[in-house]
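As a plain string of letters, each chain reads:
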Amino acid sequence: MIKFTPILLAALYAFAMYHFSAWRTRKELDMRSTELADRGLKQLCDQMAAALELPRIRVHLYDIEPVNGLAAPDGRIFITRGFYKRYKAGAVTAEELASVIAHEMGHVALGHTRKRMIDFSGQNALRTALAMVLSRFLPGIGVMIANAMASMLAARLSRNDEYEADAYASALLVKAGIGTGPQKSLFHKLDELTQSRAGVMPAWLMSHPKTPDRIAAIEANERRWNV
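Residues numbered from 1 in each chain as written. Predicted model: local features only at pLDDT ≥ 70, side-chain atom pairs only at ≥ 80, totals over all residues. Heavy atoms only, no water.

K.L.:
Would you explain the pairing of strand E2 (residues 59-62) in this entry?
P.N.:
In E2, alternate side chains face the same way, and those of Val59 and Leu61 on one face and His60 and Tyr62 on the other are all buried. Across 3 bridges, strand E1 (residues 33-35) lies against E2 in antiparallel orientation. Each bridged residue has a counterpart across the sheet, and for Glu35 the counterpart in E2 is His60. Here E2 pairs with strand E4 (residues 77-80) via 4 bridges, running parallel. Bridge pairing in E4 links Tyr62 to Thr80. (Buried < 20%, exposed > 50% of the residue type's maximum accessible area, 1.4 Å probe, protein only. Helix = DSSP H or I, 4+ residues; strand = E, 2+ residues; numbered from the N terminus. Pairing = 2+ DSSP bridges.)

Here's what the structure looks like:
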């Protein structure tokens, strides 16, 4: 029984971390967000809603400065105030911001947000269990190896989710008559727009594939769909 104690402790830790992370995220978003009301974005959201046969798409404005969009575990879609400011200043078009909304809708539709929180909690549990075990055999470096292994797993899972959400967004944008042009043009702006993002958003929302790889994946989907 004693040999399984680290695994049991890690599982309990993962369970507690998942619920605490969900509660903390929901509380933060409730306190710092309001529903977004913008005529130009509403028209594009109505087009996407019609394509999905939904009555409407509700978007919330998250009152922080870093440029980002996110989907909450409860299914709500958020655009940060920093992103909205770039749109109002003309640095981002309404269609490009609509592509972000479509991407976050992909995360919701595909169950990524809840899964990502569970994955994040599980990875912390895995990191803890591995560190306990490896430290017995590799004192001093066991923790470092455990951290590296958990980080590699997290990055791989997150990148897969991003590609899937990109594909969902592309299909929705095409069906809504918006097209993938704004989605790809926004990716070219992301590096500059998101320079101050690191360290602000929850860690399980941070990892993304490289921009050229995302654009290449979108174009590969377009070629396949047009065959």
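Moving on from the model shown.
K.L.:
Would you take a moment to explain helix H7 (residues 181-193) for this structure?
P.N.:
The α-helix advances 3.6 residues per turn, and as a result positions three or four apart in sequence lie on the same side. In this model, H7 (13 residues) spans 18 Å end to end at C-alpha, consistent with the 18 Å of a helix rising 1.5 Å per residue. Pro182, Gln183, Lys184, Leu186, Phe187, Leu190 and Leu193 are the residues of H7 that are buried. (Expected span 1.5 Å × (residues − 1).)

K.L.:
Help me out: how do you make sense of the environment of Pro182 in this one?
P.N.:
Assignment of secondary structure puts Pro182 in helix H7. On the basis of relative accessibility, which here comes to 14%, the residue Pro182 falls in the buried class. Between the C-alpha atoms of Pro182 and Glu96, which are 86 residues apart in sequence, the distance is 4.6 Å. In this view, Pro182 contacts Glu95, Glu96 and Ser99; residues no more than four positions away in its chain are not counted. (Contact = heavy atoms within 4.5 Å.)

K.L.:
Please clarify how helix H3 (residues 81-88) should be interpreted in this entry.
P.N.:
Taken together, the buried positions of H3 are Gly82, Phe83, Tyr84 and Tyr87. At its buried positions, H3 is contacted by helix H2 (39-52), E2, strand E3 (69-71), E4, helix H4 (94-109) and H7. Directly beyond the C-terminal end of H3, a positive phi value near 90° is found at Gly90.

K.L.:
I'm lost on unusual backbone geometry in this one. Help?
P.N.:
Both trends apply: most residues other than glycine have a negative phi, and most peptide bonds are in trans. The residue Glu53 is not glycine, and still its phi comes out positive at about 60°. Counting through the fold element by element, Glu53 comes out in the loop between H2 and E2. Note on Glu53: relative accessible area 72%, which makes it exposed.

K.L.:
It is not clear to me how the side chain of Glu96 should be interpreted in this structure. Could you clarify?
P.N.:
With respect to the secondary-structure elements, Glu96 resides in helix H4. For Glu96, the residues in contact, after removing those within four places along its chain, are Ala91, Pro182, Ser185, Leu186 and Lys189.

K.L.:
In this structure, what is going on with the sheet that holds E1? I would like to understand it.
P.N.:
The sheet built from 4 strands is open, its strands ordered E1-E2-E4-E3 with mixed pairing. Of all strands in the sheet, those with a lone pairing partner are E1 and E3, marking the two edges. Pairwise comparison of adjacent strand axes, ignoring direction, gives a mean angle of 30° for this sheet. Across the face of the sheet, H3 comes into contact with E2, E3 and E4 while running at roughly 65° to E4. (Axes fitted to C-alpha atoms, helices over the stretch in contact; angles between N-to-C directions.)

K.L.:
Help me understand the nonpolar core, please; the structure alone is not making it clear to me.
P.N.:
Note on soluble globular proteins: their nonpolar side chains tend to be buried together. Grouped together as the largest cluster of nonpolar side chains are 36 residues, with contacts concentrated most on Met48, Ile57, Phe83, Leu97 and Ile101. Looking at this core, the elements that each hand over two or more residues are H2, E2, E4, H3, H4, helix H6 (142-175), H7 and helix H8 (211-225). Ranked by the residues each element gives to this core, the list is headed by H4, at 7 residues. Apart from residues no more than four positions distant in its own chain, Ile101 is found in contact with Cys45, Met48, Ile57, Val59, Ile77 and Ile79. If you look at the next biggest cluster of nonpolar residues, it comprises 6 residues, including Leu29, Tyr62, Ile64 and Leu70. (Core = buried A, V, L, I, M, F, W, Y, C linked by side-chain atoms within 4.5 Å.)

K.L.:
Got a minute to help me understand the pairing of E4 in this structure?
P.N.:
Regular strands place their side chains on alternate faces of the sheet. Side-chain alternation along E4 places Ile77 and Ile79 on one buried face and Phe78 and Thr80 on a second face that is also buried. In this sheet, E4 lies alongside E3 in antiparallel orientation, the contact comprising 3 bridges. Across the sheet, Gly69 pairs through a bridge with Ile79, a residue of E4. Here E3 folds back onto E4, and the loop between the two strands holds 5 residues, one of which, Gly75, carries a positive phi near 100°.

K.L.:
Which parts of the structure should I look at to understand the packing of H7 against H8?
P.N.:
Between two packed helices, the angle of one axis relative to the other and the distance separating the axes together describe the packing. Across the interface, H7 lies against H8 with an axial gap of 9 Å and an inter-helix angle of 175°. Relative to H8, H7 is oriented roughly antiparallel. Only Thr211, Arg214, Ile215, Ile218, Glu219 and Glu222 of H8 make contact with H7, whose side of the interface consists of Gln183, Lys184, Phe187, His188, Leu190 and Asp191. Here the residues of the contact of H7 with H8 are counted per class, giving 4 nonpolar, 3 polar and 5 charged. (Parallel < 35°, antiparallel > 145°, perpendicular 65-115°, else oblique. Nonpolar A, V, L, I, M, F, W, Y, C, P; charged D, E, K, R; others polar.)

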